[in-house]
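# Analysis of the macromolecular model
Now for the letters of each chain:
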Amino acid sequence: MNTRSTFSRCLVLCLLVAWTAGSFGTSTAEAREQDGFSTWVWNPWLLRTSSDDLLQFAASNDVSTLYVQIDAEMDKADYAAFIRRASAQNIRVYALDGAPRWATDRSLPQAFLSWLTAYQSSAGADEKFSGIHVDVEPYLLPEWESSRDTLLTTWKTSTDTLLEGAKNLGLRAEADMPFWFDEHRMPGEKGTLSAWMIGRFDGVTIMAYRDSAEQIAEVAKNELAEAEKLGKTLRIAVESNPSAETPQVTFYEEGTEFLNSQLEAVRQKVGSSPAFAGFAVHDYAGWKKMQEKSTATNGKPSRASSSSKTGAAVKSVKTDPAAAQKNAGRKK
């Protein structure tokens, strides 16, 4: 028996395993930031007019990632100055964009990528965007009912364009997704539409817009299982903006303390899943307004809590996808 040869093969194998584990471990650690919240900033002009308020709010509520809308008419220097300050607070800023017509018009994501490429090439190291976050929602188009397969096929092509651009820029690409995509399929692909999205993007935020821990965990459980199987991560998003027609999709009426208690309960239920990457609250403006309302009512501010990390899923009745389609994930 050649002892030296055997030892060499074992050494190479061990080094390969260690390198692989280290590579995947870093990626997973970066994606699974359970202790930090994310939120959307749809009005980028706030970076110019009230960046102090935004950054103070982020610090007070354990926000580690901001999805900031891109407006080509806004001076790039405003983005650079804000990201530089956010970086000093260890807050990542993602370039946010998207609209239903992105699914049918490739020129829209291409224009976004052109702007982002120009910005990244001129920005300093602490002024660059950390990733891309898109909110497309093709189900809001009339084609969702009239020619869904064609719409989804063109969306697939548009998504490929976006993902290739993100890869060229060396940026993570993430997307928003309604919880009922697991009841649909992408033409030409195996599995559900949700599994296709989870598999294609570096990270997905599921819009689990319900106002109780049981319902949130229930509507997110299938997608969490798909993400586990695919080795990907999933953020769970909740709504804070008022909705008179569908109050069950938002925490606005119940207020901040109830929101925090329910998110903690969700964490207890799903926090042990390797796919669970934490929470997102839609959106900054609504979240801030809800906190102000809660403070006026209760006499004291209540910040988000992100301490516990254990638990398992529960069973409940999943909401009818047709009704959810109408109410989940619309921009405010």
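Residues numbered from 1 in each chain as written. Predicted model: local features only at pLDDT ≥ 70, side-chain atom pairs only at ≥ 80, totals over all residues. Heavy atoms only, no water.

## Some details on the side chain of Glu-226
- Topologically, Glu-226 is positioned in helix α9 (residues 213-230).
- Here Glu-226 occupies a buried position and makes no salt bridge, while the nearest side chain of opposite charge, Arg-185, is found at 8.0 Å.
- When neighbours within four sequence positions are excluded, Glu-226 is seen to be in contact with Asp-182, Thr-192, Ser-194, Ala-195 and Ile-198. (Helix = DSSP H or I, 4+ residues; strand = E, 2+ residues; numbered from the N terminus. Buried < 20%, exposed > 50% of the residue type's maximum accessible area, 1.4 Å probe, protein only. Lys, Arg positive; Asp, Glu negative; His and termini not counted. Salt bridge = Lys/Arg side-chain N within 4 Å of Asp/Glu carboxyl O. Contact = heavy atoms within 4.5 Å.)

## Concerning the nonpolar core
- Ranked by internal contacts, the top residues of the largest apolar core, which has 91 residues, are Phe-129, Trp-155 and Ile-236.
- Look past the residues within four positions of Ile-236 in its chain and what remains in contact with it is Ile-206, Ala-208, Ile-216, Ala-220, Leu-224, Val-266, Val-270, Phe-276, Gly-278, Phe-279 and Ala-280. (Core = buried A, V, L, I, M, F, W, Y, C linked by side-chain atoms within 4.5 Å.)

## A look at the sheet that holds strand β2 (residues 63-69)
- In space, the 8 strands of this closed barrel follow the order β1-β2-β3-β4-β5-β6-β7-β8, with parallel pairing throughout. For this sheet, the mean inter-axis angle between neighbouring strands, taken without regard to orientation, is 30 degrees.
- Where strand β4 (residues 131-134) lies against strand β5 (residues 172-178), 4 bridges are found, and the strand directions are parallel. Bridging across to β5, Ile-132 finds its partner in Ala-173. (Pairing = 2+ DSSP bridges. Axes fitted to C-alpha atoms, helices over the stretch in contact; angles between N-to-C directions.)

## So, the pattern of salt bridges
- This model, assessed by the stated rule, comprises 10 salt bridges.
- Of the charged contacts in the structure, one is a salt bridge between Arg-48 and Asp-78, with a shortest N-O distance of 2.5 Å. Of this pair, Arg-48 sits in helix α2 (residues 46-49) while Asp-78 sits in helix α4 (residues 76-88), and the two are 30 residues apart along the sequence.
- Put simply, Arg-172 and Glu-174 hold a salt bridge, and the shortest N to O gap is 3.0 Å.

## Some thoughts on helix α8 (residues 193-200)
- Of all 8 residues in α8, 6 are buried; the element is thus mostly enclosed.
- Of all the positions in α8, only Leu-193, Ser-194, Ala-195, Trp-196, Met-197 and Ile-198 are classed as buried.
- Buried residues along α8 sit in contact with α6 (143-146), α7 (148-169), β5, β6 (203-207), α9 and β7 (233-239).

## Details of the packing of aromatic side chains
- Taken as a whole and judged by the stated rule, the model has 22 aromatic pairs.
- Taking the centre distance of 6.2 Å and the plane angle of 25 degrees together, the rings of Phe-37 and Phe-279 count as stacked. Separated by 242 residues along the polypeptide, Phe-37 in strand β1 (residues 37-41) and Phe-279 in strand β8 (residues 276-282) bring together distant segments of the chain. Exposure class is identical for Phe-37 and Phe-279. Each is buried.
- An aromatic cluster of at least three residues, connected via ring pairs, comprises Phe-37, Phe-57, Phe-276, Phe-279, Tyr-284 and Trp-287.
- Between the NZ or CZ atom of Lys-293 and the centre of the ring of Tyr-252, over which it lies, the distance is 4.9 Å. (Phe/Tyr/Trp six-rings, centres within 6.5 Å; stacked < 30°, edge-to-face > 60°. Lys NZ or Arg CZ within 6 Å of the ring centre and 35° of its normal.)

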